[in-house]
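Coordinate inspection notes
Listed below, chain by chain, are the residues.
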Amino acid sequence: MNKFQRYSCMAFSALFAVAVFCFYCFQYRYHVAYQEQYQLFEWTAGYFASVCSVPGGFADWCGRFLVQFFIQAPAGALIYALLLAGVQVLCFLTFRARNLLLYALSFIPAILLWIFCCNESSLIGAVVAVILSLSALHASFSFKLNPVLRLLAVPVLYMLCGPAALVYALAICADGFRPGVLACSILLIAACPFAGQFIFHRTLLQLSTGVHYFRFPFVVAWMPLIASAVAAVLCWLSSLDWSGVRTSTSNWLGWGVAMVFAAAIPSVVKAGCDFRKEESMKYDFLVRYHLWNRTIDAAAHRQPGSPMTVSSLNLALAMNSQLGEHQFEFFQNGPDGLLPGFVRDFTSPLPTAEAYWNLGMVNTAQRYTFEAQEAIPDQQKSARCYRRLAQTNIINGDLDVARKYLDALDNTLFYRRWAQDMRQAIESGKALDNPELKHISELRLRDHDFLFSETEMDSMIGLLMLENHSNSVAVQYLMSWCLLKKDLDRFEQCFSLVRGTMMNKSYQEALLLLWASTHDGVDGMPLDLQGPNVSRLGSFIEAYQAGSSEEEMQKKFGDTYWFYYFYRYK
């Protein structure tokens, strides 16, 4: 390759890294934050030993080390860019012959791993494992290690990075074909999982396909293995005799392949993405950091559709005291869109726990958070969950339990300062002087011994409101729960307690609907119900009785409680 070609290759690699960075920083940024919240990376020897105690553990430890920086999306995007570009560069460096065609083909493993990383359950340790294996292969070629040392490296590399060592085992003789060495290498990499069954007490499937490549232990992560195999095949391809191929031909083919990849990458990567999950992760992120205005703006830009996203929007509206005014301007899917029922997984309980936390139902928030953490498939702990569990135990007065969570957070990089401040506050007896904890402790129920019931949520929230009339979130949630259940009689009973303090749009619409169902006209109607909504209700009833289609009704009255009452949550 001449100088111009070398610089062109460097530019293409840099552009590939920029493309990966922009993708994760701007289009898939909430997948980055999602990865960080489901691990607790501790700077301790015990944590290092526990993670590295299985094949691929060191690569997984390195991956977890990097993921802790995903707390900032740009940092996570940069790490993804450097790793995937590193796979491409290392793959090319292992080639015995180097031309533009082989350079273009060296992007294939990196592209496959990019697609793999688009899955929210893919762990970055798999990419690190491929990099370690390629690095070992490049070092083997550069230092011209003898066959015995190369063979001895196979089980060591398997222990460090797991079955991604396949690229090393298959390409170990690419710079000088030795059938015996290659056969022994393949036998070694195949024997490692069988031997590991008796040493590590893992299944043969896990040891053969990666213990820490995917969040769900018994789901096979094929893509890292395919990427490793492709890298090995390309390495062997580069070791063939290229003297018979004209330089101009390989150059034109290389440019052609590069252009095809550049055109196809957006579509191929997009096919591996799930933007519905990205939307859910976005709402979860915004609620986690109390970005209420951004949550509402996101819903105004695109209507939420799942219970998780709708409940996050409703919480944001309530925190801005806008739930009664604007709730039915957005899609509502019944009571589950306010406080979703408990689901035994590790994602949906967290935003629901945030709603209970801001209502003042501390014990329920603690239960949801604890259950979410225990449901994490690969049995990791969560820094986000540990932080919330420490807070709930401090409010409940269980300080010894709170210290346990704070001790673990003290071994982290980005939660350490908060943990130290909270421990100092506990020791000085001023833990509840923290503004957030003080506010929540004022909202929580006191001197009430009852069993929590999801089927009697109006009673649960009503207790909060009766005990603390300044709990505006509880007031809004109680009214909203009755409206979403379409229980107008119960709504009228609850509203009588606060009628003199608020008359929001949806409340007025509900009371007007109740009035219309029991009266023939406006005579005797309370003054606070009279207004433009009276004539609009008449138009709604007229259009409804005329048999207007749902689409027409939504276009004219989609922002009203009346449309929800007759067309939603049937």
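The structure reproduced in this document is the subject of the present report. (Residues numbered from 1 in each chain as written. Predicted model: local features only at pLDDT ≥ 70, side-chain atom pairs only at ≥ 80, totals over all residues. Heavy atoms only, no water.)

1. Some remarks on the overall build of the protein chain
Which entries qualify depends on this criterion: Secondary structure elements are defined from DSSP: runs of H or I of at least 4 residues count as helices, runs of E of at least 2 residues count as strands, and each element is numbered from the N terminus. Exposure classes here rest on a 1.4 Å probe applied to the protein chains alone. A residue is buried below 20% of its type maximum, exposed above 50%, and partly exposed in between. Any two residues whose heavy atoms approach within 4.5 Å are treated as being in contact. The method behind every accessible area is Shrake-Rupley, applied with a 1.4 Å probe, and residues are considered shielded solely by the protein chains displayed. Under the convention used here, Asp and Glu are negative, Lys and Arg are positive, and both His and the chain ends fall outside the count. Think of each charge as sitting on NZ of Lys, CZ of Arg, CG of Asp or CD of Glu.
Per the secondary structure count, the protein chain includes 31 helices and 0 strands. Classification of the 570 residues of the protein chain by burial places 53% in the buried group. Taking contacts inside the protein chain between residues at least 6 apart in sequence as the whole, the part at least 24 apart equals 69%. Split by element, the accessible area of the protein chain, about 25300 Å² in all, is 60% carbon and sulfur. Positive and negative charge centroids in the protein chain, built from 44 and 46 side chains respectively, lie 13 Å apart.

2. Examining unusual backbone geometry
Residues other than glycine seldom take positive phi values, yet Ser321 does so here, at roughly 55°. Looking at the secondary structure, you find Ser321 in the loop between helix H17 (307–319) and helix H18 (323–326).

3. Quick word on helix H14 (residues 247–271)
What counts here: In a helix, the anticipated span is given by 1.5 Å times the number of residues less one.
Its 25 residues give H14 an end-to-end C-alpha distance of 35 Å, which sits within 8% of 36 Å, the value for a rise of 1.5 Å per residue. Regarding H14, the residues found buried are Ser250, Asn251, Gly254, Ala258, Phe261, Ile265 and Val269.

4. Quick notes on H17
Helix length check: H17 (13 residues) gives 18 Å between terminal C-alpha atoms against 18 Å at 1.5 Å per residue, within 8%. Within H17, 11 of the 13 residues are buried, which leaves it mostly tucked inside the rest of the structure. Residues of H17 that are buried include every one of Met308, Thr309, Val310, Ser311, Ser312, Leu313, Asn314, Leu315, Ala316, Leu317 and Ala318, and no others. Looking at the buried side of H17, the elements it contacts are helix H15 (275–288), helix H16 (292–301), H18, helix H19 (349–359) and helix H26 (472–485).

5. Describing the nonpolar core
Using the following cut-off: As used here, the term nonpolar core means buried Ala, Val, Leu, Ile, Met, Phe, Trp, Tyr and Cys residues forming a set that is joined through side-chain atoms within 4.5 Å.
Core analysis: the largest hydrophobic core is formed by 99 residues, its most contacted members being Leu339, Leu359, Tyr477 and Phe491. Those residues in contact with Leu339, other than ones at most four positions away along the chain, are Ala355, Tyr356, Leu359, Met457, Ile461, Tyr477 and Trp481. Formed by 92 residues, the second largest nonpolar core is a distinct cluster that contains Val32, Ile79, Phe95 and Ala221.

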